[in-house]
Amino acid sequence: MEKSCGDSVEQLFALGVVIASDVPVGTQFGIDMMAYTTGPRFLGVKMVPKGLHFIYHSAVDSSTSASMNAAPRTGFFSFVGDKEALKCVWSKELERLEVSSIGDEDKQRIRDDLPNLDRYLGVYPKEQLKSWAKLTSDITQATLSRVQPSSGYVSSAPELQGVSGVMGKRGSKETSGATIHANSWEHLEPVEGSSFSFTVVPKRLLPDNCSAEDITKHSMDKTYTLNTLIQALPGGEEDLLGEFQLAFVSFLVGQVLDGFEQWKSIIHLLCSCDDAILQRPLLFTHFLRSLQEQLNQVPSDFFIDILSSNNFLVACLQGFFERLEEVDEMGFETEMERKHLFKQATLVDKLIQDRFGWNVRERPEDDEPVVVEGVKDLTADVDRMHC
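Described below are features of the structure shown in this document.

The rules we used
Residues numbered from 1 in each chain as written. Predicted model: local features only at pLDDT ≥ 70, side-chain atom pairs only at ≥ 80, totals over all residues. Heavy atoms only, no water. Helix = DSSP H or I, 4+ residues; strand = E, 2+ residues; numbered from the N terminus. Contact = heavy atoms within 4.5 Å. Areas by Shrake-Rupley, 256 points an atom, 1.4 Å probe, with all protein chains shown as cover. Core = buried A, V, L, I, M, F, W, Y, C linked by side-chain atoms within 4.5 Å. Buried < 20%, exposed > 50% of the residue type's maximum accessible area, 1.4 Å probe, protein only. Pairing = 2+ DSSP bridges. Phe/Tyr/Trp six-rings, centres within 6.5 Å; stacked < 30°, edge-to-face > 60°. Lys NZ or Arg CZ within 6 Å of the ring centre and 35° of its normal.

What follows is about the overall build of the protein chain. Scanning the protein chain from N- to C-terminus turns up 14 helices and 10 strands. Long-range contacts, defined as pairs at least 24 residues apart, comprise 75% of the intrachain contacts of the protein chain with a sequence gap of at least 6. Carbon and sulfur atoms make up 49% of the accessible area of the protein chain, which amounts to about 19,800 Å² in all.

Next up, the structure:
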């Protein structure tokens, strides 16, 4: 790992450090959006800025090509403070980094030894700090604790009950226990504590004693669903925004498919509201700001590759921009709120045109609302939502 020429002693001591001991040579090690291949002298990363970080690795079978036979990505989120020392030790048995619980004296000992450790520490990529900070700005410790796996570890392929060793150790594909047939995988459940506890985002909630007209209204405008969901979250709007960001980064760097599905669900809900735009303009401004940075981080062909022709985001944004224009005629509470929201909407519109070539201002001719008549009460119970 190269030494950072010109790094001052003040910088070295002012920022955080992640010590990673005994990591096998050739392991894919990463922090946030930068990944390395470890060498024989690797001991971690220095000059880690204050804030939330994702530290991860993939074990690699040294007998084959690293890129072709890497194990699923495993890691953990951690808030790092100024001058903080986070120590991790490689577990040969589990083949992952285990966070060591160390006291203040041990942390101070590590910091005192930094001048000697300096040459063995990689440098946190400053050029990516701004983007990472934007991607995680709304994630609080409370939101992280509520949503992340109770084990504290994130895996792109959580271990399933009754199955062990699947793509787990040094990139092997061996399993132990009973033989698993291809059509049996969908019935297997993840080991307890290995999956995210994302909030269930209902497709629609209805007040009690809804008339057919009300059902139509709440089916077309999901404001009631959004407000009910926000009221059920411990941190309200902040919690929803934090979970939106956490879902995305867990997919982007953690390679967790459930994160992508949660990200889609939140986008679909927010883009299906009318009245909420006027009621909660700051929420939608922050949502668009996060979405802008997220779309900046994915490849330009990302949505084509993962969703083929069924691009959910185009449909969601088409509906959102149409709703935004309609509610603008009703008037916002303050001109400043409107100004900030429409400025952010314009930035997102420009980004998706320049980066993806989408024109979300055009609405398909056959995409017309359907009026519901005589539908029975379909009121959903908010207690079903996990909060």
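Turning next to the nonpolar core. By size, the foremost hydrophobic cluster in this structure holds 85 residues, and its most contacted members are Phe77, Leu226, Trp263, Ile267, Phe284, Phe287 and Phe303. Examining the composition of this core, we find that 9 residues originate from one element, helix 13 (residues 312-328), more than from any other. Discounting chain neighbours no more than four positions away, the residues touching Ile267 are Phe244, Phe287, Leu291, Phe312, Leu313 and Cys316. Ranked by size, the runner-up nonpolar core spans 8 residues in total, among them Ile102, Ile110, Leu114 and Leu121.

Another aspect to go through is the pairing of strand 1 (residues 16-21). Burial of strand 1 is extensive: 6 of the 6 residues sit out of reach of the surface. Of the two faces of strand 1, the one holding Gly16, Val18 and Ala20 and the one holding Val17, Ile19 and Ser21 are both buried throughout. Sheet topology note: the strand 1/strand 7 (residues 85-91) ladder contains 5 bridges and is parallel. Paired with Val17 across the two strands is Ala85, which belongs to strand 7.

Moving on: the pairing of strand 5 (residues 51-58). Across the 8 residues that make up strand 5, a large majority, 7, are buried. Where strand 2 (residues 28-31) lies against strand 5, 4 bridges are found, and the strand directions are antiparallel. Along strand 5, the bridge assignment pairs Phe29 with His57. In this sheet, strand 6 (residues 74-80) lies alongside strand 5 in antiparallel orientation, the contact comprising 7 bridges. Paired with Tyr56 across the bridge in strand 6 is Gly75.

Per the counting criterion, the structure on display carries 16 aromatic pairs. Seen from their ring centres, Phe196 and Phe198 are 4.9 Å apart, and the 5° between their planes marks the pair as stacked. Each member of the pair, Phe196 together with Phe198, is buried. Three or more aromatic residues link up through ring pairs in this structure, and these residues are Phe244, Phe248, Phe251, Phe260, Trp263, Phe287 and Phe312. Residue placement shows Arg96 over the ring face of Tyr153; its charged tip is 3.8 Å from the ring centre. Here the basic side chain of Lys264 rests over the ring of Phe312, its NZ or CZ set 5.5 Å away from the ring centre.

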